[in-house]
Amino acid sequence: MTTTSETDPEAKSEDLPPGTTPYYARMHRYIKRAVLVCLVALVIEGAFTLPFMAVYYGYPTLSLTEICSELLKVRYSDDTLECQVPYPAFGPPEGAEGKDTAQDEWGIQPVPKYHRIGFRELVRIHEEREARQAATEREARPTTPEQP
């Protein structure tokens, strides 16, 4: 009579994934669990990054396109830059368009010259920029006397 016991190495090796020896089976199981936990953590982190950053930069007040445009304007010190929405499918990468208005110190380790943007500071920057543009438009508009 032939019976297989639980200590039989051939019976255990049949339950293992291909390429796993019985000696390393427990280590592979722990590695698989750790990788799964890390992947789930990355997915959760990625799912919450954009909403939290959008609120940090001023989302309810500014739209995502306005936030993108304000970040470009601050980064490159150019008030004429705007985000392209939708971005061309086969267009160049955003930074490869030859923007030379940034006031950074270039070298082996570049040093940006723009200030770190604080909590909802883009809203203040956006409102100041709109106020400046409105003032320049009022100055540029010729004043005509009102007719009775």
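First, a word on what this report is: a plain description of the structure on this page.

Rules used in this analysis
Residues numbered from 1 in each chain as written. Predicted model: local features only at pLDDT ≥ 70, side-chain atom pairs only at ≥ 80, totals over all residues. Heavy atoms only, no water. Patch = residues over 30% accessible without salt bridge, like charges linked within 9 Å, V, L, I, M, F, W, Y side chains within 5 Å. Areas by Shrake-Rupley, 256 points an atom, 1.4 Å probe, with all protein chains shown as cover. Salt bridge = Lys/Arg side-chain N within 4 Å of Asp/Glu carboxyl O. Buried < 20%, exposed > 50% of the residue type's maximum accessible area, 1.4 Å probe, protein only. 1 Å grid on protein atoms, 1.4 Å probe; cavity = no way out; pocket = protein on both sides within 12 Å on 5 of 7 lines; lining within 4 Å. Points joined across faces, edges and corners; volume = space filled by probe spheres on them. Helix = DSSP H or I, 4+ residues; strand = E, 2+ residues; numbered from the N terminus. Nonpolar A, V, L, I, M, F, W, Y, C, P; charged D, E, K, R; others polar. Expected span 1.5 Å × (residues − 1). Arc of directions from axis to C-beta. Contact = heavy atoms within 4.5 Å. Core = buried A, V, L, I, M, F, W, Y, C linked by side-chain atoms within 4.5 Å.

Quick look at a nonpolar patch on the surface
- Taken together, the side chains of Tyr23, Tyr24, Met27, Ile31, Val35, Leu39 and Leu42 make up a nonpolar region of the molecular surface, amounting to roughly 750 Å² of accessible area.
- Residue classification places leucine 42 among the exposed residues on the basis of a relative accessible area of 52%.

A few points about the layout of surface pockets
- Of the voids in this model, the largest pocket is the one considered here, and its volume is about 240 Å³.
- Every residue lining the largest pocket is counted, 12 residues in all, and those nearest its centre are Cys68, Leu72, Glu82, Cys83 and Glu94.
- Reported here for the second largest pocket is a volume of approximately 200 Å³.
- Contributing to the lining of the second largest pocket are 14 residues, with Val74, Lys113, Tyr114, His115 and Ile125 lying nearest its centre.
- Secondary-structure elements contributing two or more residues to the lining of the second largest pocket are helix H3 (64-76) and helix H4 (121-140).
- In terms of residues, the lining of the second largest pocket owes the most to one element, H4, which gives 3 residues.
- Its residues assigned to classes, the lining of the second largest pocket shows 4 nonpolar, 3 polar and 7 charged.

A short note on the environment of valine 85
- Mapping valine 85 onto the fold places it in the loop between H3 and H4.
- Judged by relative accessible area, which is 58%, valine 85 ranks as exposed.
- Sequence-wise, valine 85 and threonine 65 are 20 residues apart; in three dimensions their C-alpha atoms are separated by 7.4 Å.

As for H4
- Between its first and last C-alpha, H4 extends 29 Å over 20 residues, near the 28 Å set by a 1.5 Å rise per residue.
- Along H4, the residues that are buried comprise Leu122, Val123, Ile125, His126 and Arg129. Buried residues of H4, seen end-on, are gathered within an arc of 165° and therefore sit on one face of the element. For H4, the exposed residues set more than 90 degrees away from the buried face come down to Arg138 and Glu139.
- Against the buried residues of H4 lie helix H2 (25-57) and H3.

Some remarks on the nonpolar core
- Core analysis: the largest hydrophobic core is formed by 8 residues, namely Tyr57, Leu62, Ile67, Val74, Ile117, Leu122, Val123 and Ile125.
- For this core, the secondary structure elements donating two or more residues are H3 and H4.
- The dominant element in this core, judged by the number of residues it contributes, is H4, at 3 residues.
- Excluding anything up to four places from it in sequence, isoleucine 67 contacts Ala54, Tyr57, Gly58, Tyr59, Leu62 and Leu122.
- In terms of nonpolar packing, the next biggest core, distinct from the first, is built from 5 residues, Leu72, Leu81, Cys83 and Ala102 among them.

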